[in-house]
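Spelled out from the first residue to the last, the chains are:
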Amino acid sequence: MALAQQVSDATEERIASLSMPEGGFTAAARADALARVRQMGLPGRRDEYWKFTRPDTLVQAGAPKAALFDPKEAPVFDTVDRLRIVFVDGVFDKEASDDLTLEGLTIERLADVSDRDIHWAKDAYGAIEATVHDPVQRPLAALNTAFAQDGVLIHVTGKVSKPVNISYMHRSETSDAYLHHVIRMDEGSEMTLLENGPAAARFSKVLEIDVADGAKFHHIRTQGRDHERRAMSCIFGRLGRESEFKSFTLTANGVMTRNECVLTLTGDDAIAHVAGACLGDGDFHHDDTVFVTHDAERCESRQVFKKVLRNGATGVFQGKILVQPGAQKTDGYQISQSLLLDGDSQFLAKPELEIYADDVACSHGSTSGAIDEDSLFYLRARGVPEAQAINMLVLAFLAEAVDEIENEEISDEILGRLSDWLERRID
Amino acid sequence: MLEIKNLEVKLEEEDKQILKGVNLSIESGSVHAIMGPNGSGKSTLSYVLSGREGYEVIGGEAHLDGEDILELEPEERAAAGLFLAFQYPVEIPGVGNMTFLRTALNAQRAARGEDEMSAADFLKLVREKAKSLKIDGDMLKRPVNVGFSGGEKKRNEILQMALLEPKMCILDETDSGLDVDAMKLVSEGVNALRNEGRSFLVITHYQRLLDHIKPDVVHIMYDGRIIKSGGPDLALEVENNGYADLLAEVG
Ligand SMILES: Nc1ncnc2c1ncn2[C@@H]1O[C@H](COP(=O)(O)OP(=O)(O)OP(=O)(O)O)[C@@H](O)[C@H]1O
Ligand SMILES: [Mg+2]
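Residues numbered from 1 in each chain as written. Chains lettered and ligands numbered in written order. Predicted model: local features only at pLDDT ≥ 70, side-chain atom pairs only at ≥ 80, totals over all residues. Heavy atoms only, no water.

Here we take up the coordination of the magnesium ion (ligand 2). Residues and elements named next belong to chain B. In the first shell of the magnesium ion (ligand 2), the protein supplies Ser-43 (OG) and Gln-87 (OE1), at 2.0 to 2.3 Å from the metal. Of this pair, Ser-43 sits in helix 1 (residues 42-50) while Gln-87 sits in the loop between strand 6 (82-85) and strand 7 (92-96), and the two are 44 residues apart along the sequence. For the pair shown, Ser-43 and Gln-87 are each scored as buried. (Donors = N, O, S within 2.8 Å, 3.2 Å for Na, K, Ca; no water. Helix = DSSP H or I, 4+ residues; strand = E, 2+ residues; numbered from the N terminus. Buried < 20%, exposed > 50% of the residue type's maximum accessible area, 1.4 Å probe, protein only.)

This is the structure in structure tokens:
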């Protein structure tokens, strides 16, 4: 079907503003992705999948200006022993990064190897992204595949002893960064990926990850507190037999964030957990869009999303569990909850279950509520000042999502940040 | 210690008056008990004194050691030394009991200009107080009151009281839901806190608690007023005869 003229004009305008790296092993994938973008057209306000989140500022040519922000704190994960890879406004910072060697994996930069014709990532770059457009289209992800300037390619062969930390920094008010990461995990391998920081005025990121049989991938990320930054991130994962995928995201501030996570459980007995905690204050829009497909037996998936909103902040959750025919004994769980600290804020949720197998246990729930007055009074009657009591209840509300982090050192770090950010809020 | 004069209170949302002129004067170091039929306004009095929302004071006053407490925020009343052991302690999922106790203690210390208690000192203090109330480590670790039995919740209230060392303690039906042994434990906990500088207002339906915690004065509340006050014998009278005779007597 031909695209409406308006959509195709906007799409062409956007494409014209970007430059595609030439040649090398990604060339074919980039060309295919560009064709997909042209065929789908970039999202507009009328798109059903963008009903709650306006795509305009993510689609327009050129990033809206985003003021820089001084977080006045040590970077998240600073105390964790990790391998650090730093990108400033989407540009690799060699000085600030560690040496990229670590036992159990190889790390290469996309920009470093992209002129090669032969590379393990040739079959992987854009491969999962190409499969995520049915039943809903994700043209911004295809646009990323076509135009990504850099990223990291990680091949995990063993059990990695310490986390890899991709740390993003935002130092230009108009930066428009496109990064595309590919992770291939061999059978039985294990790694933890940490991501933190605001990345750019506008950031587009795709992470494609293939978790082979028995492999374990743990992912913990924080998205920067810069008020005016925008981000569109996609995690596309394929899970093999008895594999494990666990991802947690903490978001605070940010005028616009859309985090998509699309996972397919293709091998029996796989486990996929996706969780998010977010603090929204003021001009803040945060969207979690999750799509988990069960295509094998006895798999378990969990989606746990908690949002605390105030001063006109908006939270969105679109989450789906799709159970394919034959995916018997599926155990699917999904919960999305918001805590509205005032009457101005809103939470828009679209939880969905679509089940084509008969022997499954799936549940989903979505709630929106205010601070419990009885709890608040109880704390205050014991002498806890109101603001502190509210923070305690906010932390308690977010705890279920933070509990999804298995590594205690990291979950302590996240909880510490959370309470710190709660106290400081705006600055 | 606590002076309540002609306190009149209505519900904020409804045109319904609950307290219709309560007068009560509790001297330092004394124990007063309030008895009274269901719905007579006992809990309302305790909530209004501790600053819960939803009530409107339409007349009268309440002073704690000369300070007008009705103007204060709930946390300021707590810091001033007022404590309410709730009739229905609140469950707070996600907040650990230990964190709760420590935050409360340190908040009150901060309000009084004292330093925070160190984690080690706090742990020692809690363990010691918890032990005498037979509160085990597991109850301290769990979220506040979540999954606690009725009696465990009440013991947890007394633990908080023992830690915070308030000077004016209001116990709202702390005996309900307690088995015989727990009643003894709780009473011992209360009695251990009795001293010259601390007063108690014990709300109860049963004389039994007052066998353990001997009151100096017993008041009978009915329809938002204290209709009779007397010595410990008044409680016995209620226990034996119910409220009918008393009500007839005062008209
Ligand atoms: N928030 C409220 N909304 C409606 N009615 C209320 C509210 N609070 C109190 N009341 C009413 O006020 C009256 C007094 O209630 P209160 O709880 O103070 O009684 P009480 O003496 O403590 O009773 P009990 O012995 O049963 O605990 C009751 O009729 C009760 O229904
Ligand atoms: Mg009552």
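This part covers the site of ligand 1. Residues and elements named next belong to chain B. In the vicinity of ligand 1 lie 16 residues, with Gly-39, Lys-42, Ser-43, Thr-44 and His-205 positioned nearest. Contact between ligand 1 and Gly-39: an oxygen atom at 2.9 Å from a main-chain N or O atom of the residue. Here Glu-173 contributes a side-chain N or O atom positioned 3.3 Å from an oxygen atom of ligand 1. If you tally residues by element for the shell around ligand 1, the top one is helix 1, at three residues. (Near = heavy atom within 4 Å. Polar contact = N/O pair within 3.5 Å; in protein donor to acceptor, adjacent residues only side chain to side chain.)

Residues and elements named next belong to chain A. Across the eleven residues of strand 16 (residues 300-310), eight count as buried, placing the element largely inside the fold. Relative to strand 18 (residues 331-340), strand 16 runs parallel, the two being bridged by ten bridges. Bridged to Val-304 within strand 18 is Ile-335. (Pairing = 2+ DSSP bridges.)

A separate point is the interface of chain B and chain A. The interface of chain B with chain A comprises 30 residues on the first partner and 17 residues on the second. Of the roughly 1900 Å² buried where chain B meets chain A, counting both sides, 65% is carbon and sulfur surface. Taken together, chain B and chain A are joined by four salt bridges. In this structure, Glu-75 of chain B engages Arg-380 of chain A in a salt bridge whose closest nitrogen and oxygen atoms are separated by 2.7 Å. (Contact = heavy atoms within 4.5 Å. Buried area = accessible area lost by both parts, 1.4 Å probe. Salt bridge = Lys/Arg side-chain N within 4 Å of Asp/Glu carboxyl O.)

In this structure, Phe-248 of chain A together with Leu-45 of chain B are the most contacted members of the largest nonpolar core, which totals 117 residues. With nine residues, helix 7 (residues 386-402) of chain A is the largest single contributor of residues to this core. Within the second largest apolar cluster, 51 residues are counted, among which are Leu-83, Ile-235, Val-290 and Phe-317 of chain A. (Core = buried A, V, L, I, M, F, W, Y, C linked by side-chain atoms within 4.5 Å.)

Here we take up the pattern of salt bridges. Tallying each qualifying case throughout the model produces 44 salt bridges over all chains. Between Lys-306 of chain A and Glu-400 of chain A there is a salt bridge, with its nearest N and O atoms 3.2 Å apart. On the criterion of sequence distance, the pair formed by Lys-306 of chain A in strand 16 and Glu-400 of chain A in helix 7 is long-range, its members being 94 residues apart. The residue Lys-153 of chain B makes a salt bridge to Glu-91 of chain B at a minimum N-O spacing of 2.9 Å. Residue Lys-153 of chain B is located in helix 6 (residues 150-164), and its partner Glu-91 of chain B is located in the loop between strand 6 and strand 7; the two are separated by 62 residues in the primary sequence. For Lys-153 of chain B, a relative accessible area of 16% corresponds to the buried category.

Right, let's get into the sheet that holds strand 19 (residues 346-355) of chain A. Residue and element names in this part refer to chain A. Sheet architecture is open: ten strands sit in the order 3-4-5-7-9-11-13-15-17-19, paired in mixed fashion. Looking at the sheet topology across the chains shown, the edges are occupied by strand 3 (101-102) and strand 19. Relative to strand 9 (residues 202-211), strand 7 (residues 176-185) is paired through ten bridges, and the arrangement is parallel. Bridge assignment links Arg-184 to a residue of strand 9, and that residue is Asp-210. Sheet strands in contact with helix 5 (residues 139-147) are strand 7, strand 9 and strand 11 (230-239), and its direction is about 90° off that of strand 7. (Axes fitted to C-alpha atoms, helices over the stretch in contact; angles between N-to-C directions.)

It is worth spelling out the environment of Ile-335 of chain A at this point. Residue and element names in this part refer to chain A. Within the secondary structure layout, Ile-335 lies in strand 18. In this structure Ile-335 comes out as buried when scored by relative accessible area, which is 14%. Between the C-alpha atoms of Ile-335 and Ser-363, which are 28 residues apart in sequence, the distance is 8.3 Å. Setting aside its immediate chain neighbours within four residues, Ile-335 contacts Gln-303, Val-304, Phe-305, Gly-365 and Glu-400.

On the surface, Asp-372 and Glu-373 of chain A together with Glu-12, Glu-13, Glu-14, Asp-15 and Glu-53 of chain B cluster together to form a negatively charged patch. For Glu-14 of chain B, the location among the structural elements is in the loop between strand 1 (2-11) and strand 2 (17-26). (Patch = residues over 30% accessible without salt bridge, like charges linked within 9 Å, V, L, I, M, F, W, Y side chains within 5 Å. Areas by Shrake-Rupley, 256 points an atom, 1.4 Å probe, with all protein chains shown as cover. Lys, Arg positive; Asp, Glu negative; His and termini not counted. Charge placed at Lys NZ, Arg CZ, Asp CG, Glu CD.)

Further remarks concern the packing of helix 1 (residues 5-16) of chain A against helix 2 (residues 27-40) of chain A. All names here are of chain A. Between helix 1 and helix 2, the shortest axis-to-axis distance is 9 Å and the interhelical angle comes to 150°. As summarised for this structure, helix 1 and helix 2 are arranged roughly antiparallel, according to the angle between their axes. Contacts from Thr-11, Glu-12 and Ile-15 of helix 1 reach helix 2 at Leu-34, Val-37 and Arg-38. When grouped by side-chain class, the residues that make up the contact of helix 1 with helix 2 number three nonpolar, one polar and two charged. (Parallel < 35°, antiparallel > 145°, perpendicular 65-115°, else oblique. Nonpolar A, V, L, I, M, F, W, Y, C, P; charged D, E, K, R; others polar.)

Looking now at the side chain of Ser-204 of chain A. All names here are of chain A. Among the structural elements, Ser-204 can be located in strand 9. Since its relative accessible area comes to 10%, Ser-204 is described here as buried. A distance of 2.9 Å separates a polar atom in the side chain of Ser-204 from a polar atom in the side chain of Asn-144. In this view, Ser-204 contacts Asn-144, Ala-177, Tyr-178, Leu-179 and Met-232; residues no more than four positions away in its chain are not counted.

Residues and elements named next belong to chain B. In space, the six strands of this open sheet follow the order 6-9-10-3-11-12, with mixed pairing throughout. The open sheet has two edge strands, strand 6 and strand 12 (225-230), and neither has a second partner. Neighbour-to-neighbour, the strand axes of the sheet open up by a mean angle of 20°, direction not taken into account. Here strand 11 (residues 217-222) pairs with strand 12 via five bridges, running antiparallel. Note that in strand 12 the partner of Tyr-222 across the bridge is Arg-225. Against the sheet, helix 6 engages strand 6, strand 9 (168-172) and strand 10 (199-203), with an angle of about 165° to strand 6. Helix 9 (residues 233-241) rests against strand 3 (31-35), strand 11 and strand 12 of the sheet, and its axis sits at about 45° to strand 11.

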